[in-house]
Amino acid sequence: MSVLILGGAGYIGSHTAFDFIERGLDVVILDNLQSGHIEALHPNARFYKGDIRNSQCLDELFKKEKIDSVVHFAANSLVGQSMSDPLMYYDNNLYGTMVLLKSLVKHNIKKIVFSSTAATYGEPKNIPIVEDDPTNPTNTYGETKLAMEKMFKWVSLAHGVKFVSLRYFNAAGAHKSAKIGEDHMIETHLIPIILQAANNQRDSVSIFGDDYDTKDGTCIRDYIHVSDLASAHYLALEYLNKGNDSNIFNLGNGVGFSVKEVIETSREVTGHKIPAIVAKRREGDPARLIASSKKAREILGWQPKYTDLKEIIETAWMWHKNNPKGFRA
């Protein structure tokens, strides 16, 4: 039997495919390549170009491949874009997931691991954030991801499709081989933006606000290595394979680093000055976002390997230094 990875040509999806194949799993990937890269595909994965909104495409794939379980990364994920074009996010994220779930029910596929986000929480009431904290998203992206989780919940109750939802904090880093890494058409993540400045691809890095109630005035975030996220998906799949009930888990290191700390560590790793300019705050940026991953550690047995910020940035720098233009090189 095979595992189907939806969005397996994207950043986290491709790292998860590599992880699964290294563990000996048989992997099938479906991706429409809207934001993924065909160069990021593992050579041992069977690839289908297609869209989860196309029910005929899904039906043909499920008839051809013996799929036992699904890992779902296929979604739009840019916060700013979600606010300027919310209907695109409802179409791809929500409608696409509805079409997918109809197909899973039709083909009697009962296990799915879902790529969710800390954006489901919105402005946190407590630090660190735990899974039963209030969910009140402040952007369309987080709202659609939360709605997708609720869709899984009700379909699970009605049709027995068990799910695990993994709420990530800030994904970072690259595969230890440097064969694959982070490459977005529109880059919004802090670490790759900083490393682009180290690569002379931008003049400076903007710090959006230095007057927050934090130790150095800049926002604090929880960074988790992409390969640790990949291993969590494997453990979530094992959890479902053992017959456990549907569940939700946070994924983070449980340690927060400020924007200034990330920039300074990147300077140390790269040996570049990396100019930084303070800009005005961005609307909706919480001062602190730090996860409690106690539940994932206790129930899934998840133990992140990359707990040092410097090591996380070193893997990212190896990728960006060798691939300054990303996969488009």
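Summary of the structure given here. Since we're looking at a predicted model, the values are computed, not measured.

1. Considerations on the side chain of His 225
Item 1. The residue His 225 is located in strand β9 (residues 220–225) in this model.
Item 2. By relative accessible area, His 225 is classed as buried at 0%.
Item 3. In this structure the side chain of His 225 is engaged in a polar contact, spanning 2.9 Å, whose partner is the backbone nitrogen of Ser 227.
Item 4. For His 225, the contacting residues outside a window of four places in its chain are Ala 172, Gly 173, Ala 174, Tyr 306, Ile 312 and Thr 315.

2. Structural notes on the sheet that holds strand β4 (residues 67–72)
Item 1. Across the sheet, which stays open at both edges, the seven strands sit in the order β3-β2-β1-β4-β5-β6-β10 with parallel pairing between neighbours. The strands lining the two open edges of the sheet, one partner per strand, are β3 (46–49) and β10 (247–251). Strand after strand, the sheet turns through a mean of 20 degrees between neighbouring axes, direction not considered.
Item 2. In the sheet, strand β1 (residues 2–6) pairs with β4 via five bridges, with the strands oriented parallel.

3. Some remarks on the pairing of β1
Residues in a regular strand point their side chains to alternate faces of the sheet.
Item 1. For β1, the buried fraction is high: five of the five residues fall into the buried class.
Item 2. Of the two faces of β1, both are covered, the one formed by Ser 2, Leu 4 and Leu 6 as well as the one formed by Val 3 and Ile 5.
Item 3. Chirality of the crossover, the property in question, places the unit of β1, helix α1 (residues 11–22) and strand β2 (residues 27–31) among those that are right-handed.

4. Things to note about the environment of Leu 104
Item 1. When you line up the elements, Leu 104 lands in helix α4 (residues 86–106).
Item 2. For Leu 104, a relative accessible area of 0% corresponds to the buried category.
Item 3. Considered as a pair, Leu 104 and Val 161 are 57 residues apart in the sequence and their alpha carbons are 8.0 Å apart.
Item 4. The contacts of Leu 104, once residues within four sequence positions are left out, are Phe 62, Val 70, Ile 109 and Ile 112.

What counts and what doesn't
- Residues numbered from 1 in each chain as written.
- Predicted model: local features only at pLDDT ≥ 70, side-chain atom pairs only at ≥ 80, totals over all residues.
- Heavy atoms only, no water.
- Helix = DSSP H or I, 4+ residues; strand = E, 2+ residues; numbered from the N terminus.
- Buried < 20%, exposed > 50% of the residue type's maximum accessible area, 1.4 Å probe, protein only.
- Polar contact = N/O pair within 3.5 Å; in protein donor to acceptor, adjacent residues only side chain to side chain.
- Contact = heavy atoms within 4.5 Å.
- Pairing = 2+ DSSP bridges.
- Axes fitted to C-alpha atoms, helices over the stretch in contact; angles between N-to-C directions.
- Right-handed = clockwise from strand over helix to strand, strands pointing away.

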